[in-house]
Amino acid sequence: MAECGKCGGAQETGFTLDEGYGTRGPAQWFAGEPQRSIWTGTRMRGVTKRRIVSMRCTRCGFIENYAK
Ligand SMILES: [Zn+2]
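Just so we're clear, the structure is a prediction, and the values are computed from it rather than from any experiment.

Novice: Looking at this structure, how should I read the overall build of the chain?
Specialist: Each helix and strand counted, the chain has zero helices and eight strands in total. The order of α-helices and β-strands along the chain, N terminus first, is β-β-β-β-β-β-β-β. On the principal axes, the C-alpha backbone points of the chain span a range of 45 × 25 × 15 Å. Split into buried and exposed, the 68 residues of the chain put 15% on the buried side.

Take a look at the structure:
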C-alpha cells in the first residue's frame, strides 16, 4: 500500500464520482484542452480518457488522484 506524500500515513483506494443527468460513474481524466462542440458542449471524439483513482490518506485526509 502506498504512503501519503504529506505525512507518510496509510492510503486507501477510492474514486471520485461524476454525476450527470440520470447517470453516475467514476470520474475520468481527459487529455488536452477541451474542444467546444455546438452539439454536445464539449467534443469528446478521439480524446484520450482515463479513469481516475483517488488515494486518500487515512491519517491527514490528503487525496492524490491517479489516471492510470
Ligand atoms: Zn497524510
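Resuming the write-up.
Novice: Where do I start with the packing of aromatic side chains in this structure?
Specialist: Applying the stated criterion across every chain, the model contains zero aromatic pairs. When the ring centre of Phe62 is taken as origin, the NZ or CZ atom of Lys6, which lies over that ring, is 4.9 Å away. Over the ring of Tyr66 we find Lys68, and its NZ or CZ is 5.9 Å from the ring centre.

Novice: Please explain the coordination of the zinc ion as it appears in this structure.
Specialist: For a metal with four donors in a tetrahedral arrangement, the ideal angle between donors is 109.5 degrees, while six donors in an octahedron ideally sit at 90 or 180 degrees. Coordination of the zinc ion by the protein comes from Cys4 (SG), Cys7 (SG), Cys57 (SG) and Cys60 (SG), over a distance range of 2.3 to 2.4 Å. Coordination at the zinc ion is tetrahedral: its four donor atoms span angles of 101 to 115° at the metal. Mapped onto the sequence, the donors of the zinc ion take the spacing C-x2-C-x49-C-x2-C. Assessed through its relative accessible area of 6%, Cys4 is described here as buried.

Novice: Looking at this structure, how should I read the environment of Asp18?
Specialist: In this structure, Asp18 sits in strand E2 (residues 17-19). On the accessibility criterion, Asp18 (41% relative accessible area) is partly exposed. If sequence neighbours within four positions are ignored, Asp18 has contacts with Thr23, Arg24, Gly25, Pro26, Ala27 and Gln28.

About the thresholds
- Residues numbered from 1 in each chain as written.
- Predicted model: local features only at pLDDT ≥ 70, side-chain atom pairs only at ≥ 80, totals over all residues.
- Heavy atoms only, no water.
- Helix = DSSP H or I, 4+ residues; strand = E, 2+ residues; numbered from the N terminus.
- Buried < 20%, exposed > 50% of the residue type's maximum accessible area, 1.4 Å probe, protein only.
- Phe/Tyr/Trp six-rings, centres within 6.5 Å; stacked < 30°, edge-to-face > 60°.
- Lys NZ or Arg CZ within 6 Å of the ring centre and 35° of its normal.
- Donors = N, O, S within 2.8 Å, 3.2 Å for Na, K, Ca; no water.
- Tetrahedral: all angles 85-135°; square planar, octahedral: opposite > 155°, others 65-115°.
- Contact = heavy atoms within 4.5 Å.

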